[in-house]
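Tertiary structure, described
Here's the letter readout for the chains.
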Amino acid sequence: MQDPIQKIKLSRYAAQQLAAHPEYAGEILAGRAFSADDIARALQGSDADDEAALRRRLRILRQRVFLRVMARDLAGAADLAEVCETMSALADASIRCALAWAESALAAPAGQLVVVGMGKLGGRELNVSSDIDLVFAYPDGAGEHEQFERLGRKLIALLSEITAEGFSFRVDMRLRPYGESGPLAASFDALETYFYAQGRAWERYAWIKARAITGAQHEELAAIVRPFVYRKYLDFPTLAAMRGLHAEVQREVARRELAGHVKLGPGGIREIEFVAQALQLVRGGREPSLAVRPTLLALARLAERRLLPQEAARALAESYVFLRNLEHRLQYVDDAQTHLLPEGEDERARLAAMADFPDWATLAAKLDALRAQVTRCFQDVLAGPAQEGAPPAAWPEHPRAAALRASQRYAVLPEDSRRRLDHLVPALAAAAAATPDPDATLARGIDLFEAVARRAAYLALLDEHPEALERVTRMIGASSWAAEFVTRHPLLLDELLDDRVLYAPPDWAAYESGLRAALAADDGDTERQMNLLREHHQGQVFRLLAQDLAALLTVEKLADHLSELTDRTIGIALTQAWQLVRTRHCEVPRFAVIGYGKLGGKELGYASDLDIIFLYADEDEAAQENYVRLAQRLNNWLTLRTSSGALFDTDLRLRPSGDKGLLVISVSGFEKYQEQAAWAWEHQALTRARYCTGDAKIGEAFEAIRVKILTRERDAPALAKEVLAMRGKIHAAHPNKSGLFDVKHDAGGMIDVEFIVQFLVLAHAHRHPALCGNLGNIALLRIAADLGLIPSALAEQCRDAYREFRRIQHALRLNGAQYARVPPAQVAGQANAVRALWQSVFESIA
């Protein structure tokens, strides 16, 4: 560590104080940080002071802290975090001490005035010679308004009036409601009314860092402030407001010739804060982890969430630390709240020495480079759309576009929303021109715009991010189902902003942990939790859809992903639903969800129903009743339509005895039913059943029962008769008079392949247990061929046919087809192969 006395004498203020108070030198030479405990000890006994003594105590303490912080900072012993935290702790303690004294002196209600620290004090980032921005508030009914006005005035006087020892802290009250013309203190109700009736964009920015320093009603105040600062939905319109605010600042900087201002000038501290806080305002309402006060922490959180490039976050953080340290050195000289770089040679040399640079030129070069770095990052993040300020292009000549522009819906939109639509519709038309059917794409895109027109955030998102508009145009051009999906759930547009995230392989552990953390943050708000579950699930489905449409996933791989997503989502819903069973008799339910059909076979599509049943293994006398309640609540969590939509459609009829059976059944009861009462078709269904989530031991027990049932020796001709009868019923229930081939239901289609595999499993698994694996129809056909049960060449043809049928079905559903039907000639070879295998398997037995 450098000699603290020599370095500190670069400050005129320090030299004066040391001359007047030689005893301070010993504290400085000791080199120890001024801790919160030191501050508390220095303020002990202040309640017995008279007013003059209290003022002197506060001011002398501030001198001592200031000098020691300066000495440690200039000697390299304290970093920026220590300097800011020490000054913030001093301000907090001084405010609490002065307020407690004032409450006693004025006989005011104790502990009721909430002093809110704003700006850098709120963020615990206080400058060494800074004003403290305060707002005074009090709970409704806590006392007479005039009492709090008097208390506030006394607190300000105790802190800021200048005495022989100087001041404790200069106080700035201009951030209160109505500014200098408003009352000094506001009730919580008045504050809330002001926010919703008068609050402006810059005030939302100012209240990001707000922190209650005194009082006991912090949660009540936070409940008022948070929805004002952070909107429930993505708030992209705030970017334009922040650009406007920044432009006002820059005009004032130019007018006052403040280019050398390290806070307000180009590339200064304020631009860094604008970047962090603008992105916080956009997303903080949906992502609570971003609702933090310190600028450096906000930058780090934004980078973690990939909302700010890592390199930009690093560059901004580096510049912020340098600029704040330089700001402190400017203020150390005379203990003055200044941010202007000096112009005289001597003062420049002094500043360079305090900042450990050999000369002013070297310091200036470093400063210029970092400020240029900040400006680049600011432009990258907050620069407006390229068309901003330019006259809009003409709307395309298209019936849907003409209808929208002539509609009452368009006419009543706010001016900003109409302006954005005037940019977006021509841009959509240009992007649609590159899709296979430009007219259909344009119509789908206008449907999307019409659906979100009253939600300015979504129009702003697409207008602010042309790349997002291009991506959504490609998606809706490729799939009408995708267009309907994003129109129903416009929140998903946010997923389009970063293609690294959009096209990244799923990280299932991160999905589950992130969703569980989000649900925990809203504990107690069931409606909000249900919406979060839907929104997270929809977001992951949308990312898979984007990868699907970009040909990055096979149909089989997509189905695997959708099945994994469903398993984990049901598992999370199960945890939440159990917490709502008030009579629950154990902490972790001995309960499991079993999937059948498409879910069981891991062949899910985007809109597949879920065939599920519920099992439990628990001897507690309350188990049956509690697990019925759990199943009901879980099914509600999965199927209920909320403001964020529905998760799934479920079908519970495959449980033992169907609709007439119990909603949940014990493992032993399930086993007994399968052995003694189940129909052949129920054993067919078991071939595609699997444990999905819940108690893993129950999953193991279920699998053992499943294998036991599947490996039972059966009379093949009798089994074939029952399988054929069931196939006939399904065929009769899906008549097809279209002249097209239904790849799912017609003879030679997908269901025939599935029935062939199910029959082979039930007829031969007693001799060949390998057939019991829940591996999917394609894999089981190969196993059957390897075992010599079916012809190998025909099995391979049917494997290819099944893949092709699934691909066709998937492609047709992506474009809204009600049925998966194609001209017979298109799949004649595949259908013939399946018919041949059907004949080979069943006619040989008959």
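Below is a short write-up of the structure. Within each chain, residues carry numbers counting from 1 in the order of the written sequence. Restriction of local features to residues with pLDDT of at least 70 applies here, the model being predicted, together with a cutoff of 80 or more for giving and counting side-chain atom pairs; totals for whole chains, interfaces and linings are based on all residues. Excluded from the side-chain calculations are hydrogens and water; all other atoms, namely the structure's heavy atoms, are used.

1. Structural notes on the overall build of the protein chain
Numbered from the N terminus, helices here are DSSP runs of H or I no shorter than four residues, and strands are runs of E no shorter than two. In terms of regular secondary structure, the protein chain is built from 38 helices and 12 strands. Dimensions of the protein chain, computed from C-alpha atoms along their principal axes, come out at roughly 115 × 70 × 55 Å. Taking all 846 residues of the protein chain together, the buried fraction comes to 55%. Contact definition: two residues touch when any of their heavy atoms are within 4.5 Å. Here the analysis covers contacts within the protein chain between residues at least 6 apart in sequence; of these, 74% occur between residues at least 24 apart. Using a 1.4 Å probe, the Shrake-Rupley method yields the accessible areas, and only the shown protein chains count as cover for residues. For the protein chain, the computed accessible surface area is about 35800 Å², with 52% contributed by carbon and sulfur atoms. Think of it in three bands: with a 1.4 Å probe and only protein chains considered, a residue is buried below 20% of the maximum accessible area for its type, exposed above 50%, and partly exposed in between.

2. Overview of empty space enclosed by the protein
Put plainly, a pocket is an open set of points on a 1 Å grid over the protein atoms alone with protein on both sides within 12 Å along at least five of seven lines, a cavity is a set where a 1.4 Å probe fits but cannot get out, and a lining residue has an atom within 4 Å of a point. Grid points are joined across faces, edges and corners, and a volume is the space filled by probe spheres set on the points. Counting across every chain of the model gives five cavities of 30 Å³ or more. Its boundaries defined by the atoms lining it, the largest cavity holds a volume of some 60 Å³. Looking at the lining of the largest cavity element by element, the count peaks at three residues for helix α35 (residues 750-764). Roughly 40 Å³ of volume is contained in the second largest cavity. Along its surface, the second largest cavity is lined by K232, Y233, R286, R528, N531, E535, S643 and S644.

3. Things to note about the pattern of salt bridges
By salt bridge we mean one thing: a side-chain nitrogen of Lys or Arg within 4 Å of a carboxyl oxygen of Asp or Glu. Taken as a whole and assessed by the stated rule, the structure comprises 62 salt bridges. Of the charged contacts in the structure, one is a salt bridge between D335 and R62, with a shortest N-O distance of 2.5 Å. Residue D335 is found in the loop between α15 (310-332) and α16 (345-354), and its partner R62 is found in helix α5 (residues 51-74); the two are separated by 273 residues along the sequence. Of the two residues examined, D335 and R62, each falls in the buried class. Of the charged contacts in the structure, one is a salt bridge between R528 and E535, with a shortest N-O distance of 3.8 Å. Because the salt bridges share partners, they merge into one network encompassing D416, R419, R420, D463 and E464.

4. Concerning the layout of surface pockets
Quantified by volume, the second largest pocket comes out at close to 1400 Å³. What lines the second largest pocket is a set of 40 residues, among which G597, K598, D611, R688 and K744 lie closest to the centre. Secondary structure elements with two or more residues in the lining of the second largest pocket: α28 (555-579), α29 (597-600), α32 (680-686), α34 (716-733), α35 and α37 (792-814).

5. Re a negative patch on the surface
A cluster of like negative charges, contributed by D140, D189, E192 and E220, occupies part of the molecular surface. Here E220 is to be found in helix α11 (residues 218-229). Note on E220: relative accessible area 37%, which makes it partly exposed. Patches here: salt-bridge-free residues with over 30% relative accessible area, like charges joined within 9 Å, nonpolar side chains (Val, Leu, Ile, Met, Phe, Trp, Tyr) joined within 5 Å. Positive charges come from Lys and Arg alone, negative charges from Asp and Glu alone, with His and the N- and C-terminal ends not counted. Charged groups are reduced to one reference atom each: NZ for lysine, CZ for arginine, CG for aspartic acid, CD for glutamic acid.

6. Quick word on the side chain of R806
Mapped onto the fold, R806 is located in helix α37. It is E603 that comes nearest to the buried, bridge-free R806 among opposite-charge side chains, at 4.0 Å.

7. What about the environment of S513?
Relative to the helices and strands, S513 is located in helix α26 (residues 508-521). For the pair S513 and R231, spaced 282 residues apart in sequence, the C-alpha to C-alpha distance is 24 Å.

8. Considerations on the pairing of strand β6 (residues 591-596)
A large share of β6 lies buried, amounting to six of its six residues. Going residue by residue along β6, you find F591, V593 and G595 tucked away on one face and A592, I594 and Y596 tucked away on the opposite face as well. Think of it this way: DSSP has to see at least two bridges between two strands before they count as a pair. The pairing of β6 with strand β7 (residues 610-616) spans six bridges and is classified as antiparallel. From the neighbouring strand, G595 faces β7, where its bridge partner is I612.

9. Remarks on the packing of aromatic side chains
Only Phe, Tyr and Trp rings take part, Trp by its six-membered ring, and two of them pair if their centres are within 6.5 Å. Stacked means planes under 30 degrees apart, edge-to-face means over 60, and tilted covers everything else. Throughout the structure, instances matching the rule amount to 21 aromatic pairs. A ring pair is formed by F66 and Y332, whose centres lie 5.9 Å apart and whose planes are at 80°; its orientation type is edge-to-face. Here Y332 lies in helix α15 and F66 lies in helix α5, a separation of 266 residues in the sequence. Y332 matches F66 in its accessibility class, with the two residues each being buried. Only lysine NZ and arginine CZ atoms are considered, and such an atom sits over a ring when it is within 6 Å of the ring centre and within 35 degrees of the ring normal. We note R821 situated over the ring of Y819; from NZ or CZ to the ring centre the distance is 3.9 Å.

10. Thoughts on α15
The α-helix advances 3.6 residues per turn, and as a result positions three or four apart in sequence lie on the same side. A helix is expected to span 1.5 Å for every residue after the first. In this model α15 runs 33 Å from its N-terminal to its C-terminal C-alpha over 23 residues, within 8% of the 33 Å that 1.5 Å per residue would give. A large share of α15 lies buried, amounting to 17 of its 23 residues.

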